[in-house]
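Here is what each chain is made of, one letter per residue.
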Amino acid sequence: MGEELALGGEPFTCHDQAVVNLPKIARQAEILLDLMGVAGGVMLLALGIDTYRNGGSVGWPIAGVALFLINLWVALRRFIRRRKPAPSP
């Protein structure tokens, strides 16, 4: 084991590669999932409008609007919660 040389020629130990910042990764994944929910709502809204224009039920755009607004509301609540500073003890 011991030290090995990286591509830049600097020595590193094997445990340096295993260090992962899990809270940062979890926070980024949560943000990505929030944004994907909003994007999915927009796609369903566009599909619902297209279906309605082609003679489909008016329920499709209504469902698209509902899903978009719910996902947007959830994402905004989480973003606002993340921006608030932590209470000091």
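Here's a quick rundown of the structure. All residue numbers refer to positions counted from 1 along the written sequence of the respective chain. Per-residue local features are limited, in this predicted model, to residues with pLDDT of at least 70; the limit for side-chain atom pairs, both in listing and counting, is 80 or more; totals at the level of whole chains, interfaces and linings are taken over all residues. Values shown for side chains rest on all heavy atoms present in the structure; no hydrogens or waters enter the calculation.

## Describing the overall build of the protein chain
For step 1, the next point in the chain: Secondary structure elements follow DSSP: runs of H or I no shorter than four residues count as helices, runs of E no shorter than two count as strands, and numbering proceeds from the N terminus. Helices and strands together make up the secondary structure of the protein chain, namely two helices and two strands.
For step 2, the next point in the chain: Secondary structure elements in the protein chain, listed N-terminal to C-terminal, are β-β-α-α.
For step 3, the next point in the chain: Looking at the protein chain as a whole, 9% of its 89 residues are labelled buried.
For step 4, the next point in the chain: Expressed as a percentage of contacts within the protein chain between residues at least 6 apart in sequence, the contacts between residues at least 24 apart total 41%.
For step 5, the next point in the chain: As presented, the protein chain carries roughly 7500 Å² of accessible surface, and 67% of it is formed by carbon and sulfur atoms. Burial status follows relative accessibility: with a 1.4 Å probe on protein chains alone, a residue under 20% of its type maximum counts as buried, one over 50% as exposed, and anything between as partly exposed. Any two residues whose heavy atoms approach within 4.5 Å at even a single point are treated as in contact. Each accessible area is a Shrake-Rupley result for a 1.4 Å probe, and residues are judged covered by the shown protein chains and nothing else.

## Remarks on the packing of aromatic side chains
For step 1, the next point in the chain: Side-chain rings of Phe, Tyr and Trp (the six-membered ring for Trp) are treated as a pair once their centres are within 6.5 Å; stacked means planes under 30 degrees apart, edge-to-face means over 60, and tilted covers the remaining angles. Applying the stated criterion across every chain yields a total of zero aromatic pairs.
For step 2, the next point in the chain: A cation over a ring is seen here: Arg-77 above Trp-73, with NZ or CZ 4.8 Å from the ring centre. To sit over a ring, a charge needs its Lys NZ or Arg CZ within 6 Å of the ring centre and within 35 degrees of the ring normal.

## Examining helix α1 (residues 22–53)
For step 1, the next point in the chain: In this scheme, a helix's expected span is set at 1.5 Å multiplied by one less than its residue total. End to end, α1 covers 46 Å across 32 residues, agreeing with the expected 46 Å (1.5 Å per residue, within 8%).
For step 2, the next point in the chain: For α1, the full list of buried residues reads Asp-34, Val-38, Gly-41 and Gly-48.
For step 3, the next point in the chain: Close packing links the buried residues of α1 with α2 (59–83).
For step 4, the next point in the chain: In the stretch just after α1, Gly-55 is the one whose phi turns positive, near 100°.

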